[in-house]
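Descriptive structure summary
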Amino acid sequence: MSFRNLIDFSDIPAKEWEEMCTLAADMKIHPHRYVSACAGKVLATLFYEPSTRTQLSFQTAMFRLGGSVIGFSDPNSSSVSKGETLRDTIKIVSTYADVVAMRNPVEGAAFAASLYCRVPLINAGDGGHLHPTQTMTDMYTIREEKGGCDGLSIGMCGDLLNGRTVHSLSKALSPHFGNTYYLISTDKLKMPGYATEMLSANGGKIIECRSLDECIALLDVLYMTRIQRERFSSESDYRSQAGIFVLDNEKLKKAKDDLIILHPLPKVDEISYEVDDDPRSKYFEQAENALYLRMALILTLTEKFPDRLPVKGEKYIFSGERYCKNPVCISNHEKYLPKIVKQKNERKYCGYCDRDV
Amino acid sequence: MSFRNLIDFSDIPAKEWEEMCTLAADMKIHPHRYVSACAGKVLATLFYEPSTRTQLSFQTAMFRLGGSVIGFSDPNSSSVSKGETLRDTIKIVSTYADVVAMRNPVEGAAFAASLYCRVPLINAGDGGHLHPTQTMTDMYTIREEKGGCDGLSIGMCGDLLNGRTVHSLSKALSPHFGNTYYLISTDKLKMPGYATEMLSANGGKIIECRSLDECIALLDVLYMTRIQRERFSSESDYRSQAGIFVLDNEKLKKAKDDLIILHPLPKVDEISYEVDDDPRSKYFEQAENALYLRMALILTLTEKFPDRLPVKGEKYIFSGERYCKNPVCISNHEKYLPKIVKQKNERKYCGYCDRDV
Amino acid sequence: MSFRNLIDFSDIPAKEWEEMCTLAADMKIHPHRYVSACAGKVLATLFYEPSTRTQLSFQTAMFRLGGSVIGFSDPNSSSVSKGETLRDTIKIVSTYADVVAMRNPVEGAAFAASLYCRVPLINAGDGGHLHPTQTMTDMYTIREEKGGCDGLSIGMCGDLLNGRTVHSLSKALSPHFGNTYYLISTDKLKMPGYATEMLSANGGKIIECRSLDECIALLDVLYMTRIQRERFSSESDYRSQAGIFVLDNEKLKKAKDDLIILHPLPKVDEISYEVDDDPRSKYFEQAENALYLRMALILTLTEKFPDRLPVKGEKYIFSGERYCKNPVCISNHEKYLPKIVKQKNERKYCGYCDRDV
């Protein structure tokens, strides 16, 4: 395994991703083979904002591997409320645990924490930024159901502007070939430019739609997300438009027999109850896959990196300079963090939150 | 085992109840025999309202069987707060867990959840409706201490109108013979008609009392519950009456030597501290029995139903009709639920909350 | 082991403390020897006020011994909120668990609970009173780094008036010989008389300082604690003085090469970030030691006292008399508690909170 921390899905080289998928598939079929694979190991789930679903999934993954779980789910009950730095918290917790899964509302928090973490760290969501284990699940489910992620017609529906999961998925799909992307959203909530660029990077075709009806007949994959009521300019605007993005049996009549419907869950009103029983809906299978992928990830990381790093001696030094303009970037919240600027072609961006500087 | 889900104590056929009591008794004497009986299995404790005692007891039960526990104890930190349906939550959680224990403030919630649960579900209390594992404990303790539940003089004291535990106990005692029931309460807080009907169904004699002193000398079993201060019409009313229903050493002087005193706990003022050390008080033993019965229940259900049901294909279909007048019935909270009306003799009642329709 | 409950560090006889240190040191080197030492055992962590760090540490300790953990971290979700007595809670929980670790904001609560606890009880902090497992860590770290706790120059810096940890440490250091204590604080926050008396009991020399610079060059051990902003009489007072008590690389230039810097953590501003990487800072090692000492304590207590005490028959009887003037003493909160007055020479003090009566 070439990566110690999983901050972004793109941290996983293609070959290792193949191996992890194979491992997850084996865990799904032969769970009993792994019941003591992590015996004696401890996972810390540090949830600075509550996310019951994700936390239960990580906990179950560790329990099914025979390990134990410590952690918190409430920012107010943590030492953070006493003013402790993320750095100190992560140093101590990674002295107790063998692997850490962290969710934090601040962008770049997982990467920042990984600089000081003595054991492998998994990003379980850092604000609106990244959520790589969700992306693993999405990619794995497409792959399992469709035999691969190339040459497909893929719809993404809902709030494409603010949706973290669709941005991560776009990045993950970027290296794949021959796909056509149907981006189904309102004008105000359409996919941001950097994400469409990623989708079209390897010749992906982009088609923007204003309703599900326009394109549903053409799709191999439909990735649904929620449009929050408060994103619309007015209540009447919401009422008039919301139904266009709700998936129901009526709309599904036009869809292919081998369409697969995905959703990161939890869902609210965007998919009618009746669709749950349609054989094409795969979101519950997707949630189940998440479990096996997290098991595979935890097992792989703890096996490859069994030794705790020393608590002292980070190479990154605090510069004192404020350089990132993103107010929800961790570099503006934890003041000891070193300045990290990355460059790709012309573009310079913050090493924590990936925003241009 | 003929039941997959335990919603109500009456779900357990008499013969299987005997077997479960035998198993619990063996667990009490030989706990070491069971230390890995549920190894590799996961219990989910979904507590939509906090109940530390019950949750700790379920957790301990699973740990003593060698299993693991996931769950939440705070409705606000669950995905519910994001608007997810109970149906979706239970589908996902039962994909992670091998058995579910759920507490919910809404009546009928456990039964509603069981319609979609892929693994056995245990009702750990649904509002003022049912709490079958408490009733198991009550029945087991009477049986163990008295050799059976027939031919006894049984007092029930406190708020008999609103007390969930005494109603459940009345239903459980209903098939037994030759009992005399002393119902000790205020006029305003007396046992509702449907409960006294159950007690008298098999020839049980009902005697209503207005104080403990009236009947304590006659009792074989005294089941104490709390009268909440706010149930009285005024503070002066409370002060003048409350003492009548408080058990202390003075009142106990008149009681039989082999009386047993039960209480579902937690208790507040209704039993004097001094009574705790009286050999006749059995409420701590009762709480201990709860542990072994929950162990027996978890082990039995996970052994008999090791396979997860498919996530799709419930047979119950949403009708759209609102038919139950109970505002705290789950059928009025989760709108996709099918209409379920049951009938017994002349009576038609809601399949979720058991109220007449 | 001569003590069943650990309420105060002084409960541990010197010889048994040696043994526990040896055991903890072995656990640090050979953790794999202990992975199933507590298999099948249950630790209850009853945290009536949140303290994530301490709770995670206790949980990890039990998991690394192969045991399980139940408990709560939020007073509002416990049965306490229903008005249950500490006595009832502890009786029930100690029926479920094999060892209890309790934190409570009320002084003397751990001792009070131990009167009714059926299994060994560990005080994980009772208000501003005692926190013996922290003191174990402090003493162990000094011992391990310095070969013993005698003949040293020991600085204690920060809020010495209100700091629970420095008071406990003073008591623990009291029997040791040949030490010089540098008490570094403001005039208003200096060490209380009873604590300096303990330090000087065996000939310890006391030197009061008003800044770190005065004495840092002389120290073998520097125990840092926080001065809370609100302890200063004004914001300007805070700004002018706070820096005097902040440890940074500049001040450390004058210190000995073999100084060790300790801190109970979490820290906020009182130690500059840069100091973390100085080889003399030992607070992270100290936090790690806490884990092994808690493992050693849990294992020792559960091995020596495997049998649950009977739930009935406390020898202490409620007297009804209010005798302690400390409003945050548990004897003034739980009214059934017996009066316990202890005497040492001329001094009479409360058996719960140790305040003079």
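Basis of the calculations
Residues numbered from 1 in each chain as written. Chains lettered and ligands numbered in written order. Predicted model: local features only at pLDDT ≥ 70, side-chain atom pairs only at ≥ 80, totals over all residues. Heavy atoms only, no water. Helix = DSSP H or I, 4+ residues; strand = E, 2+ residues; numbered from the N terminus. Rg over C-alpha atoms; globule rule 2.2 N^0.38 Å. Buried < 20%, exposed > 50% of the residue type's maximum accessible area, 1.4 Å probe, protein only. Areas by Shrake-Rupley, 256 points an atom, 1.4 Å probe, with all protein chains shown as cover. Lys, Arg positive; Asp, Glu negative; His and termini not counted. Charge placed at Lys NZ, Arg CZ, Asp CG, Glu CD. Pairing = 2+ DSSP bridges. Axes fitted to C-alpha atoms, helices over the stretch in contact; angles between N-to-C directions. Contact = heavy atoms within 4.5 Å. Buried area = accessible area lost by both parts, 1.4 Å probe. Salt bridge = Lys/Arg side-chain N within 4 Å of Asp/Glu carboxyl O. Nonpolar A, V, L, I, M, F, W, Y, C, P; charged D, E, K, R; others polar. Domains from an automatic or database assignment. Polar contact = N/O pair within 3.5 Å; in protein donor to acceptor, adjacent residues only side chain to side chain. Left-handed = near helix turned anticlockwise from the far one by under 90°.

When helices and strands are tallied, chain A shows 10 helices and 11 strands. Against the compact-globule benchmark of 21 Å for 357 residues, chain A has a radius of gyration of 21 Å, which places it among compact chains. The dimensions of chain A, computed from C-alpha atoms along their principal axes, are 60 × 50 × 40 Å. Across the 357 residues of chain A, 62% fall into the buried class. Carbon and sulfur atoms form 50% of the exposed surface of chain A, whose accessible area is close to 13,400 Å². Of the side chains in chain A, 45 bear a positive and 47 a negative charge, and the two mean positions are spaced by 5 Å.

Turning our attention to the sheet that holds strand β8 (residues 221–224) of chain B. All names here are of chain B. If you trace the five strands from one edge of the open sheet to the other, you get β7-β6-β5-β8-β9, paired in parallel fashion. Single-partner strands in this sheet number two, and they are β7 (205–209) and β9 (260–262). Neighbour to neighbour, the strand axes of the sheet diverge by 20 degrees on average, direction disregarded. Inspection of the sheet shows strand β5 (residues 153–157) paired to β8 by four bridges, in the parallel sense. Bridging from a neighbouring strand, Met156 pairs with Tyr223 of β8.

Many authors give the size of an interface as the accessible area that is lost as the parts come together. Counting residues at the interface gives 30 residues for chain B and 26 residues for chain A. When chain B packs against chain A, close to 2,600 Å² is buried across both sides, 55% of that on carbon and sulfur atoms. When residues of chain B are sorted by the area they lose upon contact with chain A, B:Lys82, B:Tyr96 and B:Lys312 head the list and together hold 27% of the total. Linking chain B with chain A are five salt bridges, by the criterion used here. Notably, a salt bridge pairs A:Glu285 with B:Lys312, separated by 3.4 Å at the nearest N-O pair. Those elements that provide at least two residues to the side of chain B that touches chain A are β2 (68–72) and α3 (86–96) of chain B. The element that contributes the greatest number of residues to the side of chain B that touches chain A is α3(B), accounting for eight residues. When its residues are assigned to classes, the side of chain B that touches chain A shows 10 nonpolar, 10 polar and 10 charged.

All right, on to the domain arrangement of chain A then. All names here are of chain A. As assigned here, chain A comprises domain 1 (9–127 + 289–313) and domain 2 (133–281). Just the C-alpha atoms count here: the centres of domain 1 and domain 2 sit 28 Å apart. Taken together, the contact between domain 1 and domain 2 spans 22 residues of the former and 15 residues of the latter. For the pair domain 1 and domain 2, the two sides together bury roughly 1,500 Å², of which 58% comes from carbon and sulfur. The three residues of domain 1 that bury the most area against domain 2 are Phe9, Asn289 and Leu293, which together make up 31% of that side's buried surface. Between the two partners, domain 1 and domain 2, sit two salt bridges. Residues Glu18 and Arg143 are paired through a salt bridge, measuring 2.9 Å at the closest nitrogen-oxygen approach. Linking domain 1 to domain 2 there are four residue pairs in polar contact (both at pLDDT 80 or more). For the side of domain 1 that touches domain 2, the secondary-structure elements that each account for two or more residues are α1 (14–29), α2 (52–64), β4 (121–126) and α10 (283–304). The residue makeup of the side of domain 1 that touches domain 2, split by class, is 12 nonpolar, four polar and six charged.

It is at 10 Å that the axes of helix α10 (residues 283–304) of chain B and helix α3 (residues 86–96) of chain C come closest, and there the two elements cross at 35 degrees. Crossing geometry of α10(B) relative to α3(C) is assigned as right-handed. Contacts between α10(B) and α3(C) pair B:Phe284, B:Ala287, B:Glu288 and B:Leu291 from the former with C:Asp88, C:Lys91, C:Ile92, C:Thr95 and C:Tyr96 from the latter. When the residues that make up the contact of α10(B) with α3(C) are grouped by side-chain class, the tally is five nonpolar, one polar and three charged.

Now for the interface of chain C and chain B. Taken together, the contact between chain C and chain B spans 30 residues of the former and 26 residues of the latter. The largest share of the area that chain C buries against chain B comes from C:Lys82, C:Tyr96 and C:Lys312, three residues that together contribute 27% of it. Linking chain C to chain B there are five salt bridges. For the salt bridge of C:Glu84 with B:Arg53, the shortest nitrogen-to-oxygen distance reads 2.5 Å. It is α3(C) that provides the largest number of residues to the side of chain C that touches chain B, a total of eight residues. For the side of chain C that touches chain B, a count of residues per class yields 10 nonpolar, 10 polar and 10 charged.

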